[in-house]
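Each chain is listed here by its residues.
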Amino acid sequence: MGNRPIGMFDSGVGGLTVYKEVKKTFPNEQIIYIGDTKRFPYGSKTKENIIKASKRCVEFLISKNVKEIIIACGTATSRAIDTLKVTYDTPITGIIEPTVEYIKRMNYKNVGVIATRGTIESNSWKINLDSKISNINVYNQECPLLAPMAEEGWIKNEVAKLTIKEYLKNFENIKLDALILGCTHYPLFEDIIKEYLPNVEIINTGKVIAKQMEQSREKIKENITKDDKFFITDTQCNFEAVAKKILGKDIKIEGIDVG
Ligand code: DGL
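Criteria and cut-off values
- Residues numbered from 1 in each chain as written.
- Predicted model: local features only at pLDDT ≥ 70, side-chain atom pairs only at ≥ 80, totals over all residues.
- Heavy atoms only, no water.
- Helix = DSSP H or I, 4+ residues; strand = E, 2+ residues; numbered from the N terminus.
- Rg over C-alpha atoms; globule rule 2.2 N^0.38 Å.
- Buried < 20%, exposed > 50% of the residue type's maximum accessible area, 1.4 Å probe, protein only.
- Contact = heavy atoms within 4.5 Å.
- Areas by Shrake-Rupley, 256 points an atom, 1.4 Å probe, with all protein chains shown as cover.
- Near = heavy atom within 4 Å.
- Polar contact = N/O pair within 3.5 Å; in protein donor to acceptor, adjacent residues only side chain to side chain.
- Nonpolar A, V, L, I, M, F, W, Y, C, P; charged D, E, K, R; others polar.
- Pairing = 2+ DSSP bridges.
- Axes fitted to C-alpha atoms, helices over the stretch in contact; angles between N-to-C directions.

K.L.:
I keep staring at the overall build of the chain and nothing clicks. Help me out?
P.N.:
Scanning the chain from terminus to terminus reveals 11 helices and 10 strands. Relative to the compact-globule value of 18 Å for 259 residues, the chain shows a C-alpha radius of gyration of 17 Å, a close match. Counting only C-alpha atoms and orienting by the principal axes, one finds that the chain spans roughly 50 × 40 × 35 Å. Within the chain, the fraction of its 259 residues that count as buried is 55%. Taking all contacts inside the chain whose residues are at least 6 apart in sequence as the whole, residues at least 24 apart take part in 76%. Roughly 12,100 Å² of accessible area belongs to the chain as shown, and the carbon and sulfur atoms make up 47% of that amount.

Okay, structure coming up:
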């Protein structure tokens, strides 16, 4: 079991922010990653379509003999995790549960969430935070333009700065303890977000997941012999170039058809 790979999926490059943190913490684990670029963006799709897309990714990962699956996507976590958990035997983790545990441990009471339209519409963060923490104030803000900008590699330019400034305007008069980056594309904008909210803890869910995994399992000691694998469902995209920006190295990408 220990030597089987970990599976991860997202709609595109965003989940690589989770991959990066998990890989840093568990360098000897093999990871199999899917960027479902054919169906990007997940944030503007219906719950039914996100469940369908997520099932295709999960089944592909299971066919690769993964021992567990991390949903490296806020939208797929919000829309599909309940269905996926009851449909498959393979252990499945999303980005919400570990982050809610972290907020609880930190005793934060005023928390902002920025995420895709689909995630905000589902109200999943508020529902999960309310169920575990009493008297917590959750402030939601959808940011539909950010994931597409990240896929373009527009993560540091003036357009990114102005767009983020506009989205964060609603937090101006709220004293937040923390801001959850509820979409895994958003850690790519972390520096800009920090400039606008200098006194707020900015929560990168990939870091939270890696930490939680570190506390709950043994690390594989021996060096892995197998390279990580990166699959995308449509090759007409910028995945390779943006992945290089995120990971600081070239990766080999394979196109797949999951239906
Ligand atoms: N990375 C995604 C998320 O965490 C999806 C963004 C999108 O495809 O709209 O929500």
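K.L.:
What am I meant to see in the site of the ligand here?
P.N.:
Taken together, 14 residues are adjacent to the ligand, and Ser 11, Tyr 42, Gly 74, Thr 75 and His 185 come closest. In the environment of the ligand, an oxygen atom lies 2.6 Å from a nitrogen or oxygen atom belonging to the side chain of Ser 11. The separation between an oxygen atom of the ligand and a polar main-chain atom of Tyr 42 is 2.7 Å. A total of 300 Å² of accessible area belongs to the ligand in isolation, and the protein chains cover 99% of it. Here the shell around the ligand is composed, by residue class, of six nonpolar, seven polar and one charged.

K.L.:
Explanation requested: the pairing of strand β5 (residues 110-115) in the structure shown.
P.N.:
Each regular strand displays side chains that alternate between the two surfaces of the sheet. Across the six residues of β5, five count as buried, placing the element largely inside the fold. Bridge count for β5 against strand β6 (residues 137-142) is six bridges, and the pairing is parallel. Bridge assignment links Ala 115 to a residue of β6, and that residue is Glu 142. Pairing of β5 with strand β7 (residues 178-181) involves four bridges; the strand directions are parallel. Paired with Val 113 across the bridge in β7 is Ile 180.

K.L.:
Looking at this structure, how should I read the sheet that holds strand β3 (residues 68-71)?
P.N.:
Through backbone hydrogen bonds, the strands of a sheet pair up, either in parallel or in antiparallel fashion. If you walk across this open sheet you meet the six strands as β4-β3-β1-β2-β9-β10, and the pairing is parallel. Of all strands in the sheet, those with a lone pairing partner are β4 (92-93) and β10 (253-255), marking the two edges. Across four bridges, strand β1 (residues 6-10) lies against β3 in parallel orientation. The residue bridging Gly 7 from the neighbouring strand is Ile 69, located in β3. Most of the contacts of helix α1 (residues 16-25) go to strand β2 (residues 31-35), to which it runs at about 170 degrees, and overall it touches β1, β2, β3 and β9 (229-232).

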